[in-house]
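The chain contents come next:
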Amino acid sequence: MTCAACQATVRRNVAKLPGVSEVNVNLLTGRMDLLLGGAEAVATEEIIKAVERSGYTAELLSALAGAAGNGAATAIAEQPAAATQRAEADSVIRSRRIFILSLLLYLPNLYLGMASMLGLPLPSFLTAGGGKGVQGLLQFILVIPILYLNRDFFISGTRAALHGAPSMNTLVSLGTGSAVLYGIYALFRIIAAEGGGDTETAHFYHTHLSFDSAAMLLVLIRLGRTLEAGAKRKTTQAVRQLLDLAPDTARRVEANGREVVVPATELRPGDTVRILPGERVPVDGAVIDGNSAVDESALTGESIPVAKGVGDAVSTATINGLGALLVRTDKVGSETRIAAVARLVEQVAGSRAPIARIADRISGWFVPIVVAIALITLTVWLLSGSSVEFAFNRAVAVLLISCPCALGLATPVAIMVGAGRGAQLGVLVKSGEALEALSGVQTIVFDKTGTLTMGEPVVTDVVPNAAVYDTDAEAVFLRVAASLETGSEHPLAAAVLNYAAAAGAVPRSLGTVQALPGAGIGADLSTEIVAELGLPSGSTRLMAGNARLLCDTLGADQTNTGTVRDTAGTSSTIRNAAIEDALRRAASLAEEGKTVLFFFTESVYLGLIAVRDEPRPESGEVIGQLHDRGYKLMMLTGDRRETAVAIGKELGLEPEEIAAELLPGDKVAVVRELQAKGDKVAMVGDGINDAPVLAAAEVGLAMGAGTDIAIETADIILMRSDLHAVADAFGLARQTFMNIKQNLFWAFFYNLLAIPLAAGVFYPSLGIVLSPVMGAAAMSLSSLFVVGNALRLRRYGRSRYEGEVSKMKTVELRVEGMSCPHCSGRVEKALNALPGVEATVDLAAGTAKIKYPDSVTREQLIAAITDAGYDVV
């Protein structure tokens, strides 16, 4: 396929087959993705025959069976990466070789064509008897090998025309073929004129020989195709670079401890590999020995290295820092994260953005319309009394200047480059549709926990009910709280358990713990457990949750603090000082951005624990950027409103931009409400509770550290848990679709202006006319403009990331007190635990070599070493 008309023909003919419900044909990658369903679905062989009937060839590259109940699904996917790279490289090399040979053969033809006009010297046998016929014959002989070298234009163009679907090559073959045929006609007239002694006629037709023009047209068009192929190859460079990052070899550690260098393709899950400082990681796996800092920018776009120790995961193609690592292999080859990223980027290339449908509708009719315009041009100029040569040149110029290639490339090149650049920045887009939808979003909705905040809450306050506990109130209460939270998987439960463990509290198993969605948790109590935990006698149930659950359970009135209700619901003036104090204390803590958990039995309030989830360091900056770009923002949370407003204030969010005290189902309702107002909504989240709202929004963005179900539901995956990736995603989407609109405008504008210009519409009034040679050059440049414009996206966001890299500093500190490898290991681990720090310790020299970002100070480095029990001198 060479142009949008080819693409449209293949899609149209395949879409007619029984059982085909969706067809996407990508001109850039030569890839077709289709979905088959139902008992009447055709076999793969029939699909390939339909492509062949369109005038092209195809091969099956992969077939995927759909899930039961969803119908059979078949995909014709792109070639394996290595084969694709070889095919692209071979295509560019072959096209360049044909161009060079054609140019060398064209130069003597050009000399012969210009000799008589410029008075250039010629051999005597070419000038004897006038020599016009001999010169013309030699020009014809020289153009034949050029025609043969570029025969693919004529074969493809003729085949497409015979199948009723003329393409760009049809226009090229018509234009250049017409020039050659006219040249043959002129040659016969020259020979006849010289034979009859009519030198004037012989001279006239000699000046109108078009062999050199036909040769120049083919040379120019081949040059354009060569440059276009090279430029198009650059658009897929991001995918190739990702795959090239994986190392070819690895150090496998055998059972006897011996290290053997083997090809990375020989590694299997369970193998142990050693990765030395500066080497790329060859597998996805887990660290089983060693400490280091790993540069994960290939996967996440984050330039600051990430500390790695025993138990931490590492990924293929990331770069090990200054420490050696021993890694257990979990995934290799096509199962690794880097391979999955590459597949996803290429999947985007196979998808079709809705904006491309404009070009699709036009491209199917483009070539027949151009041929019709060329015939009309020829007829009109002949009827107006112009010479045959003038009319002929105008028609040929129309054929050659028209460019459906630019229409076909306008969308896919921009999406491919944009998706590739996104992958480099840690933003993975699943489809062109998602990228287009993201570019049109007006409102961005954030989940709070784990998205705007760290997602790692810590306990800040423990307040037991002094009326319940006689002695060691906090320790006894903390054990009760930890016992209940042991059965919960909520992040707040983890914070309570971590705090309790640090305080030495040993929880007691309560058996089954029931979740109370949006409210809290509860567990039934036995008499034995009540006694062991020191709970009020007669208690049968232990609960933890929000103020609503507390008041509903104990019959308190949350809106009229301190009163209680009887069983009939009648408000009483009897005051409950403990609950009154707890609710007042909780309101104060909420204003500090803390979440309060109340613990109680079915009849007695036991105490509260306050937990705070710190905002991400970059959240405020990113919120400000998005506000400045004109987006409307909304934060969703299940926290009480006072807590949410306090956190929002720190981030730069107004109270009206916060929806609090939401149950999981309420989040979807908020999105639906915004959509009902006409807003296009994007949702950013990471948790399992975010999956429904991610699906409800026009575009769902999942943080890469989130749950699998959220990532599966989302349209865009943010590979790094850094909100700058959110700003990058929206900025890149806007830039990509601005680029597509520029490309489409150029493609339409170029043809609207170029075709009338080539047809000579402006010649009578302005005297402006284009030769066929200029038309061919303009046609080639139009495609190059579209591809070159798309390649500008490769620089999106680069300055910020280059700036981050440049901020890394290096220092060497002398450490006293280290006497064994265990000591140097402790120092190294303490330093690498600091964010972005990459350190290696030399025990013999007594030094620590450290690379660290601006966010870490020298004093922090020294403090980390001192806290580990050693001195810096």
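Residues numbered from 1 in each chain as written. Predicted model: local features only at pLDDT ≥ 70, side-chain atom pairs only at ≥ 80, totals over all residues. Heavy atoms only, no water.

**Student:** In this structure, what is going on with the overall build of the protein? I would like to understand it.
**Tutor:** In terms of helices and strands, the protein carries 32 helices and 30 strands. Within the protein, the fraction of its 873 residues that count as buried is 51%. Considering only contacts in the protein between residues 6 or more positions apart, those separated by 24 or more positions represent 68%. Looking at the protein as shown, the accessible area adds up to about 37,800 Å², and 58% of this sits on carbon and sulfur atoms. (Helix = DSSP H or I, 4+ residues; strand = E, 2+ residues; numbered from the N terminus. Buried < 20%, exposed > 50% of the residue type's maximum accessible area, 1.4 Å probe, protein only. Contact = heavy atoms within 4.5 Å. Areas by Shrake-Rupley, 256 points an atom, 1.4 Å probe, with all protein chains shown as cover.)

**Student:** I would appreciate a short explanation of the sheet that holds strand 8 (residues 306–308) in the present structure.
**Tutor:** By way of backbone hydrogen bonds, the strands of a sheet pair with one another, either parallel or antiparallel. Judged by pairing direction, the sheet is antiparallel, and its three strands sit side by side in the order 8-7-10 without closing on themselves. Of all the strands in the sheet, the pair left with one neighbour each is strand 8 and strand 10 (319–320). Strand direction decides the pairing type here: strand 7 (residues 292–295) and strand 10, joined by two bridges, are antiparallel. Of the residues in strand 10, the one forming a bridge with Val294 is Asn320. (Pairing = 2+ DSSP bridges.)

**Student:** Would you mind going over the confidence of the model for the protein with me for this structure?
**Tutor:** The predicted model of the protein averages 80 in pLDDT, with 83% of residues at 70 or higher. Note that pLDDT drops below 50 for residues 65–83; the model gives that stretch 40 contacts with residues more than four away or on any other chain. (pLDDT = per-residue confidence, 0-100.)

**Student:** Mind showing me how you'd approach the pairing of strand 2 (residues 31–36) here?
**Tutor:** Side chains on a regular strand alternate between the two faces of the sheet. Along strand 2, five of the six residues are buried, which leaves the element largely enclosed by surrounding structure. Of the pairings in the sheet, the one linking strand 1 (residues 20–26) to strand 2 comprises six bridges and is antiparallel in character. Along strand 2, the bridge assignment pairs Asn26 with Arg31.

**Student:** Which parts of the structure should I look at to understand the sheet that holds strand 6 (residues 284–289)?
**Tutor:** Overall, antiparallel pairing links the six strands, which are arranged 4-3-5-11-6-9 in an open sheet. The two strands at the open ends of the sheet, each matched to only one other strand, are strand 4 (259–263) and strand 9 (313–314). Where strand 5 (residues 272–275) lies against strand 11 (residues 325–331), four bridges are found, and the strand directions are antiparallel. Residue Thr272 lies in a different strand from strand 11, and its bridge partner there is Arg328.

**Student:** So what exactly am I meant to see when it comes to the nonpolar core here?
**Tutor:** The nonpolar side chains of a soluble globular protein tend to be buried, and buried together. Among the nonpolar cores identified, the biggest contains 99 residues, and Leu438, Ile444, Phe446, Leu701, Leu718 and Phe730 are the most heavily contacted of them. Beyond its immediate chain neighbours, meaning those up to four positions away, Ile444 contacts Leu626, Tyr631, Lys632, Leu633, Met634, Ala682, Val684 and Phe730. (Core = buried A, V, L, I, M, F, W, Y, C linked by side-chain atoms within 4.5 Å.)

**Student:** Could you clarify how one ought to interpret the packing of aromatic side chains in this entry?
**Tutor:** To describe a pair of aromatic rings, you give the distance between the ring centres and the angle between the ring planes. If you walk through the whole model with that rule in mind, you get 13 aromatic pairs. With centroids separated by 6.4 Å and ring planes inclined at 55°, the aromatic side chains of Phe598 and Tyr605 adopt a geometry described as tilted. Each member of the pair, Phe598 together with Tyr605, is buried. Directly above the aromatic system of Tyr148 lies the positively charged group of Arg151, at a separation of 4.2 Å from the ring centroid. (Phe/Tyr/Trp six-rings, centres within 6.5 Å; stacked < 30°, edge-to-face > 60°. Lys NZ or Arg CZ within 6 Å of the ring centre and 35° of its normal.)

**Student:** I would appreciate a short explanation of the pairing of strand 7 in the present structure.
**Tutor:** As paired strands, strand 7 and strand 8 are joined by three bridges and run antiparallel to one another. Looking at the pairing, Ala293 lines up with Ala307 of strand 8.

**Student:** Got a minute to help me understand the packing of helix 6 (residues 168–195) against helix 13 (residues 388–401) in this structure?
**Tutor:** Between two packed helices, what matters for the description is the angle formed by their axes and the separation of those axes. The interhelical angle for the contact between helix 6 and helix 13, taken along N-to-C directions, is 155°, at an axis separation of 8 Å. By the angle between their directions, the pair helix 6 and helix 13 is classed as roughly antiparallel. The hand of the helix 6/helix 13 crossing is left-handed. Along the contact surface, helix 6 presents Leu171, Val172, Leu174, Gly175, Ser178, Ala179 and Tyr182, while helix 13 presents Glu389, Phe392, Val396, Leu399 and Leu400. Here the contact of helix 6 with helix 13 is built from residues that sort into nine nonpolar, two polar and one charged. (Axes fitted to C-alpha atoms, helices over the stretch in contact; angles between N-to-C directions. Parallel < 35°, antiparallel > 145°, perpendicular 65-115°, else oblique. Left-handed = near helix turned anticlockwise from the far one by under 90°. Nonpolar A, V, L, I, M, F, W, Y, C, P; charged D, E, K, R; others polar.)

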